[in-house]
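# Remarks on the overall topology
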Amino acid sequence: MSERRSLEGQVAVVTGAARGVGELLARKLSARGAKVALVGLEPEALKEVSERLHTDSDHWHADVTDHEAMARVAQEVKQRFGKVDLVVANAGVAAGGPFADSDPEAWRRVVEVNLIGGAVTARAFLPVLTESRGYFLQIASLAAITPAPMMSAYCASKSGVEAFAHCLRAEVGYKGVKVGVGYLSWTDTDMVRGADQDEVMRELRQRLPWPSNRTYPLGPAVDRIVAGIERRSPHVYAQWWLRGMQGVRGYLPGIIATVGQREMKRFEPRLTSVSRGLVGAGGAADEKERTPGTERH
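All values reported here derive from a predicted model rather than from experimental measurement.

### So, the sheet that holds strand 5 (residues 135–139)
- The strand order across the open sheet built from 7 strands is 3-2-1-4-5-6-7, with neighbouring strands paired in parallel fashion. Of all the strands in the sheet, the pair left with one neighbour each is strand 3 (57–61) and strand 7 (235–237). Ignoring which end each strand starts from, the neighbouring axes of this sheet average 20° apart.
- Pairing analysis gives 5 bridges linking strand 2 (residues 35–40) to strand 3, with the strands arranged parallel. Each residue of the ladder has a partner; that of V36, found in strand 3, is S57.
- Against the sheet, helix 8 (residues 218–231) engages strand 4 (86–89), strand 5 and strand 7, with an angle of about 150° to strand 5.

Listed below in structure tokens is the structure:
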């Protein structure tokens with residue numbers, strides 16, 4: 001295990017920083033002395049987060065899927081702080097339900113934000129990370145390791161960002177840029193609480209085997225992510241048991257296909273009631289951003 005590096009004076013960029021993992025991560029990075037650039041779709045919420053941080057910080061309103069906007073943000077962050085040492089591609093949205101009945105736009109948007117958004121973020125910030133020999137952390141999920149019914153868009157997107165980050169690590173390592181993948185199980189965020197508002201999705205999750213059927217507190221999860229950032233780790237596990245899942249992941253699709261068919265048959269009469277849109281406050285903010293005529297501040 002590599003040694004922890006001090007974050008004092010480092011410049012960190014966090015996407016999806018208005019709430020949840022991104023907000024708390026920004027606060028904990030700031031508490032360790034890092035200057036923080038917050039990026040997201042909710043400028044007022046980002047401004048409030050920025051004002052509560054311990055160190056110099058600023059915020060940018062941008063859609064992570066918009067390459068021109070993110071390239072502009074990267075330039076402005078470099079101008080504002082002089083450098084960029086760390087980038088955490090955390091922005092993400094989710095939608096649940098059977099694929100055949102899913103909303104095509106919501107399904108596509110999950111993949112766009114989670115996968116394309118991560119890649120756009122990396123593309124925009126790689127030049128400044130190369131200058132600083134910095135660290136890019138892509139937030140993935142247990143969903144990258146474990147495919148699950150009713151989560152096809154989310155699992156596909158998180159598997160995709162995991163593979164993307166592994167590819168990128170091999171490409172840029174010789175330039176001194178390190179790349180990590182962060183894995184989280186169900187963690188107490190607006191996204192997870194939003195998913196749990198759907199009765200069927202909540203019951204299905206409760207029927208998962210321990211320890212994947214629990215919702216984990218946000219604080220300890222983010223502490224583990226911060227420790228991974230300090231070590232510039234290639235793999236960061238927000239819950240202790242996720243590391244062990246890597247050794248058995250090859251067996252999981254077959255097991256889940258067998259068990260999943262039984263569960264889907266059990267829940268079939270109730271599947272039409274499952275919400276088809278993006279979940280949680282972050283999903284609502286994303287949908288608002290894409291609604292023509294919506295006022296933004």
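Now that the structure is up, let's keep going.
### What about the environment of D66?
- Looking at where D66 falls in the secondary structure, it is placed in the loop between strand 3 and helix 3 (67–81).
- In the structure, D66 is positioned 50 residues away from I116 in sequence and 9.2 Å away in space, judged by C-alpha atoms.
- A polar side-chain atom of D66 sits 3.1 Å from the main-chain amide nitrogen of A69.

### A short note on a nonpolar patch on the surface
- On the surface, V248, Y251, I255 and V259 cluster together into a nonpolar patch covering about 370 Å² of accessible area.
- Tracing the backbone shows V259 in helix 10 (residues 252–267).
- For V259, a relative accessible area of 34% corresponds to the partly exposed category.

### Considerations on the pattern of salt bridges
- Inspection of the entire model under this criterion finds 21 salt bridges.
- A salt bridge links R4 to E230; its shortest N-O distance comes to 3.1 Å. Of the two residues, R4 is situated in the segment before strand 1 (11–15) and E230 in helix 8; the sequence distance between them amounts to 226 residues.
- Given the relative accessible area of 9%, E230 is considered buried.
- Its salt-bridge partner being R193, residue D188 comes within 2.6 Å of it at the nearest N-O pair.
- Its relative accessible area of 40% is what places R193 among the partly exposed residues.
- Several salt bridges share partner residues, and in doing so they unite R19, E42, D188, D190 and R193 into one network.

### With respect to the environment of E230
- Measuring from C-alpha to C-alpha, the distance between E230 and L86 comes to 9.9 Å, with 144 residues separating the pair along the chain.
- When near neighbours in sequence (up to four residues on either side) are disregarded, E230 contacts E3, R4, R5, L7 and R32.

### So, the packing of aromatic side chains
- Taken as a whole and assessed by the stated rule, the structure comprises 3 aromatic pairs.
- Note on F99 and W107: the rings are 5.6 Å apart at their centroids and 70° apart in plane angle, and the pair reads as edge-to-face.
- A relative accessible area of 25% means that W107 is categorised as partly exposed.
- On the basis of an interplanar angle of 45° and a centroid distance of 6.1 Å, the ring pair of Y216 and W241 is categorised as tilted. Of this pair, Y216 sits in the loop between helix 7 (199–206) and helix 8 while W241 is found in the loop between strand 7 and helix 9 (242–245), placing the two residues 25 residues apart along the sequence.
- Residue W241 is classed as buried on the basis of its relative accessible area, which comes to 7%.
- For R80, the ring lying beneath its charged end belongs to F81, and the centroid distance is 4.6 Å.

### Let's talk about unusual backbone geometry
- The phi torsion at R133 lies on the positive side, around 50°, for a residue other than glycine.
- Its location among the elements puts R133 in the loop between helix 4 (104–132) and strand 5.
- Although it is not a glycine, M150 sits at a positive phi angle of roughly 75°.

### Quick notes on the packing of helix 4 against helix 5 (residues 152–172)
- At a minimum axis separation of 7 Å, helix 4 and helix 5 run at an interaxial angle of 15°. Relative to helix 5, the element helix 4 lies roughly parallel. The element helix 4 and its partner helix 5 pack so that their crossing is right-handed. Each of W107, V110, V111, N114, L115, G118, A119, A122 and L126 in helix 4 lies in contact with helix 5, whose residues at this interface are S152, A153, Y154, S157, K158, G160, V161, F164, L168 and V172.
- Taken together, the residues of the contact of helix 4 with helix 5 break down into 13 nonpolar, 5 polar and 1 charged.

### Quick notes on helix 11 (residues 280–289)
- Every buried residue of helix 11 is accounted for by G283, A285, D286 and E289. Seen along its axis, helix 11 keeps its buried residues to an arc of 160°; they face one direction.
- Elements that come into contact with the buried residues of helix 11 comprise strand 3 and helix 4.

### Observations regarding the nonpolar core
- Counting 66 residues, the largest nonpolar core has V13, M70, V77, V84, F125 and F136 as its most contacted members.
- Looking at this core element by element, the count peaks at 10 residues for helix 4.
- Those residues within four positions of F136 in sequence are excluded, and the remaining contacts are V87, A89, G118, T121, A122, L129, F164, L168, K178, V179 and G180.
- Residues A26, A34, V36 and L137 belong to the second largest nonpolar core, which totals 30 residues.

The rules behind the values
Residues numbered from 1 in each chain as written. Predicted model: local features only at pLDDT ≥ 70, side-chain atom pairs only at ≥ 80, totals over all residues. Heavy atoms only, no water. Pairing = 2+ DSSP bridges. Helix = DSSP H or I, 4+ residues; strand = E, 2+ residues; numbered from the N terminus. Axes fitted to C-alpha atoms, helices over the stretch in contact; angles between N-to-C directions. Contact = heavy atoms within 4.5 Å. Polar contact = N/O pair within 3.5 Å; in protein donor to acceptor, adjacent residues only side chain to side chain. Patch = residues over 30% accessible without salt bridge, like charges linked within 9 Å, V, L, I, M, F, W, Y side chains within 5 Å. Areas by Shrake-Rupley, 256 points an atom, 1.4 Å probe, with all protein chains shown as cover. Salt bridge = Lys/Arg side-chain N within 4 Å of Asp/Glu carboxyl O. Buried < 20%, exposed > 50% of the residue type's maximum accessible area, 1.4 Å probe, protein only. Phe/Tyr/Trp six-rings, centres within 6.5 Å; stacked < 30°, edge-to-face > 60°. Lys NZ or Arg CZ within 6 Å of the ring centre and 35° of its normal. Parallel < 35°, antiparallel > 145°, perpendicular 65-115°, else oblique. Left-handed = near helix turned anticlockwise from the far one by under 90°. Nonpolar A, V, L, I, M, F, W, Y, C, P; charged D, E, K, R; others polar. Arc of directions from axis to C-beta. Core = buried A, V, L, I, M, F, W, Y, C linked by side-chain atoms within 4.5 Å.

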